[in-house]
Number of protein chains: 6
Amino acid sequence: MTSWLPTLKTATPEEGYELAVKLARVAVKLTQPDAEVRDRLRPEYAEDADALIAVSQVVATHFATVAAANDYWRGKA
Amino acid sequence: MTSWLPTLKTATPEEGYELAVKLARVAVKLTQPDAEVRDRLRPEYAEDADALIAVSQVVATHFATVAAANDYWRGKA
Amino acid sequence: MTSWLPTLKTATPEEGYELAVKLARVAVKLTQPDAEVRDRLRPEYAEDADALIAVSQVVATHFATVAAANDYWRGKA
Amino acid sequence: MTSWLPTLKTATPEEGYELAVKLARVAVKLTQPDAEVRDRLRPEYAEDADALIAVSQVVATHFATVAAANDYWRGKA
Amino acid sequence: MTSWLPTLKTATPEEGYELAVKLARVAVKLTQPDAEVRDRLRPEYAEDADALIAVSQVVATHFATVAAANDYWRGKA
Amino acid sequence: MTSWLPTLKTATPEEGYELAVKLARVAVKLTQPDAEVRDRLRPEYAEDADALIAVSQVVATHFATVAAANDYWRGKA
């Protein structure tokens, strides 16, 4: 069985950001496991400025964690 | 008596994420101990995009703590 | 005179979580010192999903502090 | 001229918490310098559960900073 | 050309707090560059308890960063 | 192919702040990829005090990460 989160390590900051987006989404899935309900909610919040900003806040919080886990990709670039 | 939180250590990042979800839920239980009331509230917020994003924010905050406690699972993967 | 917060050290993660809950509640008391008003507000937010999630967020923030103060209880378990 | 914030050091965790409450209040004063307006707003939010929880969140964020500044009062208690 | 943010270093905690307030305001300016619109919005949120608390939350987050950047002004006071 | 986020390193705190603003915006783009919808939402939140403060909160969270990644630009200024 493969894990959806085998590691917090990513090759680049950009991939780290994508992982943060994924981490933000999984909590929603775990709280609302019904894909049909989630699909119904999506257009609603994707066209709501407040919800989009709130999603961005969750991503920011996870990105802090992923960045720390990667020592801010200091060896790169 | 067993503890619901014997340790913050988990074997994998995925299990750490699951622990973060649990940590988010326990505060709700402690503030609203009546399981019947919680069951009544659940469908309400599970179909509300704003509430789902807010839950995801709490999970993100706890995940930061659990990840730090596990030194970001650096020895793994 | 005894302090309500003599230390951030706790024996276990579970006790640390309980301390985080307490830390979240004290700020409410300091802002609204009238116990009668607080008692009136309690059922209101304890049956409101958004408020319960917001309380959980405050607890998460304090738990991060308490966990760091205890070096994540690394010597335990 | 004395400073309202000469240091982040406090003798005890409890005093650190009080400093966090103060830090939360000063930003409100700087954004709304008119004491009369603030006095008018106070009863409003002091009887509003959501506002009280939001205040508690700000205090939690400042307490994290003050606690770190005091190395979590590790030498005490 | 002078920078509005040449450094995160401040002489005192109080100046650090003032910098945090400034950091909170600049994001608003960058998102709403029209000074006239901002002037129109100001009385609105400056008399709204929820908005004042939200501003205080942003300041708290920036103050954490500024305080860490100054090693909590440990050499002072 | 160039990355939108090759590094978290910036030459100055001001550039770090600009990167934080960018990091806040990208999550919105990833959640609402339709530029037309985003353009429609923009005036809405850019004239809403609560939304502007919420954006500022996301920027503050990212700025904390960028500042840490740059060791608070301690060698500068």
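Residues numbered from 1 in each chain as written. Chains lettered and ligands numbered in written order. Predicted model: local features only at pLDDT ≥ 70, side-chain atom pairs only at ≥ 80, totals over all residues. Heavy atoms only, no water.

Chain A goes by Hexameric tyrosine-coordinated heme protein in an unreviewed UniProt entry, where it is assigned to Ruegeria aquimaris.

**Some points on the overall build of chain A**
For the record, the criterion: Think of it this way: any DSSP run of H or I at least four residues long counts as a helix, any run of E at least two long counts as a strand, and we number them from the N terminus. The contact criterion used is simple: two residues touch if any of their non-hydrogen atoms lie within 4.5 Å.
A tally of helices and strands in chain A yields three helices and zero strands. Its helices and strands taken in sequence order, chain A reads α-α-α from the N to the C terminus. The principal-axis extent of the C-alpha atoms belonging to chain A is close to 45 × 35 × 15 Å. For chain A, long-range pairs separated by at least 24 residues make up 58% of all intrachain contacts whose partners lie at least 6 apart in sequence.

**Thoughts on the interface of chain A and chain F**
The test is simple: Accessible surface is computed with a 1.4 Å probe, and the buried area is the amount of it that two parts give up when combined, taken over both parts together. We define a salt bridge as a contact between a side-chain nitrogen of Lys or Arg and a carboxyl oxygen of Asp or Glu at a distance within 4 Å. Definition of a polar contact: a pair of N or O atoms within 3.5 Å, with one able to donate and the other able to accept a hydrogen when the atoms are protein atoms, and with sequence-neighbouring residues admitted only if both atoms are side-chain atoms. As a working rule, the residues Ala, Val, Leu, Ile, Met, Phe, Trp, Tyr, Cys and Pro are called nonpolar, Asp, Glu, Lys and Arg charged, and the rest polar, with Gly in that last group.
Each partner contributes to the interface: chain A provides 27 residues, whereas chain F provides 31 residues. Summed over both sides, the interface between chain A and chain F buries roughly 2,400 Å², with carbon and sulfur atoms accounting for 66% of that surface. The largest share of the area that chain A buries against chain F comes from Glu14(A), Tyr17(A) and Ile53(A), three residues that together contribute 24% of it. Scanning the region where chain A abuts chain F turns up one salt bridge. Where chain A packs against chain F, one counts ten residue pairs in polar contact (both at pLDDT 80 or more). Those elements giving two or more residues to the side of chain A that touches chain F turn out to be helix 1 (13-31), helix 2 (35-46) and helix 3 (49-69) of chain A. Here the element with the most residues in the side of chain A that touches chain F is helix 3 of chain A; it accounts for 13 residues. Along the lines of polarity and charge, the residues of the side of chain A that touches chain F split into 17 nonpolar, three polar and seven charged.

**Observations regarding the interface of chain A and chain B**
Of the residues lining the interface, 31 residues belong to chain A; the matching set on chain B comes to 27 residues. Surface buried jointly by chain A and chain B totals about 2,400 Å² across both partners, of which 66% is contributed by carbon and sulfur atoms. The interface formed by chain A and chain B holds one salt bridge in total. Where Glu47(B) meets Arg40(A), a salt bridge forms, and the shortest distance between an N and an O atom there is 3.9 Å. Counting the contacts that link chain A with chain B gives ten residue pairs in polar contact (both at pLDDT 80 or more). When contributions to the side of chain A that touches chain B are tallied by element, the ones reaching two or more residues are helix 1, helix 2 and helix 3 of chain A. Looking at which element gives the most residues to the side of chain A that touches chain B, the answer is helix 3 of chain A, with ten residues.

**Description of the relation of the copies chain A and chain B**
Inclusion rule: Least-squares fitting of one copy onto the other uses the C-alpha atoms of those residues that reach a pLDDT of at least 70 in both copies.
Mapping chain A onto chain B leaves a residual RMSD of 0.0 Å; the transformation is a rotation of 60 degrees accompanied by 0.0 Å of translation along its axis. What the superposition gives is, in effect, a six-fold axis relating one chain to the other. In terms of proximity to the rotation axis, the leading residue of chain A is Thr61(A), whose C-alpha is 6.8 Å off the axis.

**A word on a positive patch on the surface**
Residue and element names in this part refer to chain A. Counted only if it meets this: Patch building starts from residues that exceed 30% relative accessible area and form no salt bridge, then joins like charges within 9 Å and nonpolar side chains (Val, Leu, Ile, Met, Phe, Trp, Tyr) within 5 Å. All accessible areas in this document rest on Shrake-Rupley with a 1.4 Å probe, and a residue is counted as covered only by the protein chains that are shown. The convention is simple: Lys and Arg are positive, Asp and Glu are negative, and His and the chain ends are not counted. Note that the charge is assigned to NZ on lysines, CZ on arginines, CG on aspartates and CD on glutamates. Under the scheme applied here, a residue whose accessible area is under 20% of the maximum for its type counts as buried, over 50% as exposed, and between as partly exposed, the area being computed with a 1.4 Å probe on protein chains only.
A cluster of like positive charges, contributed by Lys22, Arg25, Lys29 and Arg42, occupies part of the molecular surface. Broken down by element, the positive patch gets its largest block of residues, three residues, from helix 1. On the secondary structure map, arginine 42 appears in helix 2. Here arginine 42 falls in the partly exposed class, since its relative accessible area comes to 32%.

**Remarks on the relation of the copies chain A and chain F**
Superposition of the two copies of the chain requires a rotation about an axis together with a shift along that axis. Least-squares fitting of chain A to chain F yields an RMSD of 0.0 Å, with the transformation described by 0.0 Å of translation along the axis and a rotation of 60 degrees. Of all interface residues in chain A, a mere 19% are interface residues in chain F too; the two copies therefore contact each other through different surfaces.

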